[in-house]
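Analysis of the macromolecular model
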Amino acid sequence: PALFVIESLLVDGLRAQGRSPSLVAGHSLGELVALYAAGVFDADTGLRLIRSRSERMAAAGGGAMTAVLGFERAELEALVEAHEGVVIANDNSEGQVVLSGTPAAVAAVSAALRCKRAMPLAVSGAFHSPFMAEAAAAFAADLDGVVFADAAIPVLSNTDPTPATAGALLKDRLKRQMTTGVRWRETMERFAADGIGTAVEIGPGNVLSGLIKRSCAGVSTAQIGGAADLG
């Protein structure tokens, strides 16, 4: 909730300055901020959805996630295919992904994969995987009670990073976000395809900016991490 509040306020600040993006996208939780920025729902609705999503995901424990860096993608995909109970949850870039699934399956793939580094994440569940099915179904029921307006700005969703504005389609994509991976590598590929020259990261930190710098030649980055950056 704190991240949504901070980032939605920064969106409001940019909007007050008359700034409007050509596309919006968010990584995992950030997709709800992107939908807010596109005018799909108001801040109160966004906060209610964040609370619902957080509670549903927290209740679905028992899994594991590990970030892996510096690997051969074909080898990684073959190992994931060969091990039941593990998926690529976050496809962050060509050289960085997050695995999600049962602790045993995630550990087996991480151990077999030739990579530069494998880092288990301190999380309570197998997020962005089929193991979130029950939580996703409950969240989908919550979403059914919320009106999604058509977006004023095209949105690239985690589960389908093609530009969309139809509120019903964006809601359907958000319903599937918990059980499918965050396709951030493909999201960044859209930047060049759609002629984006500058990517503005909203919120604390610069992780996404770093991924963009390493992956998108010709795309500059900027960070709006707090109110001082709006000046």
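Described in the following lines is the structure provided in the data block. Quick caveat: nothing in here was measured; it's all calculated off a predicted structure.

1. Structural notes on the overall build of the protein chain
Of the regular secondary structure elements, the protein chain holds 9 helices and 8 strands. Against the globule reference of 17 Å for 231 residues, the protein chain gives a C-alpha radius of gyration of 18 Å, in line with a compact fold. If one aligns the C-alpha atoms of the protein chain with their principal axes, the spans along those axes are about 50 × 40 × 30 Å. By the burial criterion, 48% of the 231 residues in the protein chain qualify as buried. For the protein chain, the share of sequence-separated contacts (at least 6 apart) that also reach a separation of at least 24 residues comes to 68%. Of the roughly 10,700 Å² of accessible surface on the protein chain, 55% is carried by carbon and sulfur atoms.

2. Notes on the sheet that holds strand S3 (residues 86–93)
On the basis of which strands lie adjacent, the open sheet formed by 4 strands has the order S3-S4-S2-S5 and antiparallel pairing. In this open sheet, the two edge strands, each paired with only one partner strand, are S3 and strand S5 (115–120). The sheet shows a mean angle of 20 degrees between the axes of neighbouring strands, taken without regard to direction. Looking at chain direction, S3 and strand S4 (residues 96–101) are connected through 6 bridges and run antiparallel. Bridge assignment links Val87 to a residue of S4, and that residue is Ser100.

3. A word on the pairing of strand S2 (residues 64–71)
Most of S2 sits out of view: 6 of its 8 residues are buried. In this sheet, S4 lies alongside S2 in antiparallel orientation, the contact comprising 6 bridges. Following the sheet pairing, Leu69 is matched in S4 by Gln96. Pairing of S2 with S5 involves 5 bridges; the strand directions are antiparallel. Paired with Thr66 across the two strands is Pro120, which belongs to S5.

4. Observations concerning helix H7 (residues 167–175)
Residues of H7 that are buried: Gly167, Leu170, Lys171, Arg173 and Leu174. For H7, the angular spread of buried residues about the axis comes to 160 degrees, placing them on one side. Buried positions along H7 lie against helix H2 (30–37), helix H6 (133–144) and strand S6 (155–156).

5. Focus: unusual backbone geometry
Positive phi values are uncommon outside glycine, yet Ser28 reaches one of about 60 degrees. Here Ser28 shows up in the loop between strand S1 (24–25) and H2. In this structure, His128 takes a positive phi of about 55 degrees despite not being glycine. Along the chain, His128 turns up in the loop between S5 and H6. Relative accessible area serves as the criterion here: at 4%, His128 is assigned to the buried category.

Conventions we followed
- Residues numbered from 1 in each chain as written.
- Predicted model: local features only at pLDDT ≥ 70, side-chain atom pairs only at ≥ 80, totals over all residues.
- Heavy atoms only, no water.
- Helix = DSSP H or I, 4+ residues; strand = E, 2+ residues; numbered from the N terminus.
- Rg over C-alpha atoms; globule rule 2.2 N^0.38 Å.
- Buried < 20%, exposed > 50% of the residue type's maximum accessible area, 1.4 Å probe, protein only.
- Contact = heavy atoms within 4.5 Å.
- Areas by Shrake-Rupley, 256 points an atom, 1.4 Å probe, with all protein chains shown as cover.
- Pairing = 2+ DSSP bridges.
- Axes fitted to C-alpha atoms, helices over the stretch in contact; angles between N-to-C directions.
- Arc of directions from axis to C-beta.

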